[in-house]
Amino acid sequence: MNKNENMQKTNIPNSQFKNFLNFFKDSPGRLIKYIELLTLKENSTTIATTDKKSLGEVGVVINTKCNLKCVWCHREEKHIKDSGYLERNGDKEKLRKLLPELKGFECIHWGGLAEPLLNKDIFELTKIAKTIVPRVKVTTNGTTLNPKIVTKVIESGITDIEISLDGFDGSTNMKYRGSDEAKVIGYLEDLSNRSDIPLQINSVISAVNIDSLWDAIDKLKNVKNIKKMHTIPLFITKHMNDLGIGPAKLEDHIKLLKHWKSRIDHYGLDIQLSPDMEDVTMDPIVSMKRLHNICYTVYEHPFINLDGNISPCGRLQHISFDNVVENGFDEAWNGPKIRKWRQEHLAGNYGTYCQRECHMKNTCPSRLGNLKEFMGAHDEELRVLKYDEKLRVNK
């Protein structure tokens, strides 16, 4: 019996669970943890799988500098601006020592609250990384991908590139991201003509820019290496609230994806939508959060910040847990600091940012002091770590 027949036998609508099937494909460690969290909930263990093949990808911050000022970037949040974490380059020698600890992963992803290609060491470090893992990915705003840099990208062995573009009408991307979409698209056409590196376009979806995304496929049709169009619902940060920018309506998001699909078919392109129309509401991580009030990210997506420390997630990368170079990946990924964080989450103790940006609910007010005490935070409302030596969590 093939997979489709089996799904029909169990009366599970295949189209709605496509994202779940793809997410856990070849990832038994992540799947087991997902089932444990759904089944045991607050009685789950705080241990995450260390099977690097199951985890697949590890995020690594190579610098915290950026040449743009994107409206919805977490760099604009006051607690990150005040943390002392931004405007820094990663130490090349520390990163050299970090990379061997990541052997066994499928992919190292250079990313974070920055433009990674601003760090001139990225090409040398990528060459080293390629001797350790099969794939090295970078997320970029595309403005640095001029012909000279593209040559270095190709020579370094970078295997995957994600490009952030949030408007395709000639003005919106400039307004909210600060870059000329036509110039970036020109760079991508050049890159596609000179290499076969697969590209993914990442677009934030909000109420103020969704209409400008309508013509994306028409504008990108000559970038032959695009394999995926990824739409990202807006995270509702304090900065977004202050600016009065809200999320797009779900029905508008679905309408946009349907239009993109029709244009992809019209041009005969081989581009995947992520999510597509059928699984836009069925993301495994988002579903876990919204339906069960459980954060799965801290069990399935390792993220290593600029100092080589495990962080809760890419949005809270200025918070540091155990150090990967000092302890090794397995020990740091399940070290006492991140396990304490997971324990508080399982008890329903979510801080301000988790509640606002990821729709988590604080269901255990009696334990509000626990996470604050553990993190050494100085502010009752924010309850997050200030990034200085006096208050650092890894002291």
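Use the structure listed above.
What you see is a predicted model, and the numbers here were worked out from it, not measured in a lab.

Draft legend 1. The arrangement of helix H10 (residues 181-194) in detail. Taking 1.5 Å of rise per residue, the 14 residues of H10 would be expected to cover 20 Å, and the 20 Å separating its terminal C-alpha atoms lies within 8% of that figure. Among the residues of H10, Glu181, Val184, Ile185, Tyr187, Leu188, Leu191 and Ser192 are the ones counted as buried. Seen end-on, H10 carries its buried residues on one side only, within an arc spanning 155 degrees. Projecting away from the buried face of H10 at angles above 90 degrees are the exposed residues Ala182 and Asn193.

Draft legend 2. Quick peek at the packing of aromatic side chains. Applying the stated criterion across every chain, the model contains 8 aromatic pairs. Taken together, a centroid distance of 4.9 Å and an interplanar angle of 90 degrees make the contact between Phe23 and Phe24 edge-to-face. Each member of the pair, Phe23 together with Phe24, is buried. Plain terms: the ring middles of Phe23 and Tyr296 are 6.5 Å apart, the flat faces sit at 55 degrees to each other, and that makes the pair tilted. You can see Phe23 sitting in helix H2 (residues 18-23) and its partner Tyr296 sitting in the loop between helix H14 (284-292) and helix H15 (297-300), a full 273 residues away along the chain.

Draft legend 3. Representation of the sheet that holds strand S7 (residues 272-274) within the structure. Strand order across the open sheet formed by 8 strands is S7-S6-S5-S4-S3-S2-S1-S8, with parallel pairing between neighbours. Looking along the sheet, the strands with just one partner apiece sit at the ends: S7 and strand S8 (303-304). Where strand S4 (residues 160-164) meets strand S5 (residues 199-205), 4 bridges bridge the pair, whose relative direction is parallel. Across the sheet, residue Glu162 finds its bridge partner in S5, namely Gln200. Strands S4 and S5 of the sheet are contacted by H10, whose axis makes an angle of about 160 degrees with S5.

What counts and what doesn't
- Residues numbered from 1 in each chain as written.
- Predicted model: local features only at pLDDT ≥ 70, side-chain atom pairs only at ≥ 80, totals over all residues.
- Heavy atoms only, no water.
- Helix = DSSP H or I, 4+ residues; strand = E, 2+ residues; numbered from the N terminus.
- Expected span 1.5 Å × (residues − 1).
- Buried < 20%, exposed > 50% of the residue type's maximum accessible area, 1.4 Å probe, protein only.
- Arc of directions from axis to C-beta.
- Phe/Tyr/Trp six-rings, centres within 6.5 Å; stacked < 30°, edge-to-face > 60°.
- Pairing = 2+ DSSP bridges.
- Contact = heavy atoms within 4.5 Å.
- Axes fitted to C-alpha atoms, helices over the stretch in contact; angles between N-to-C directions.

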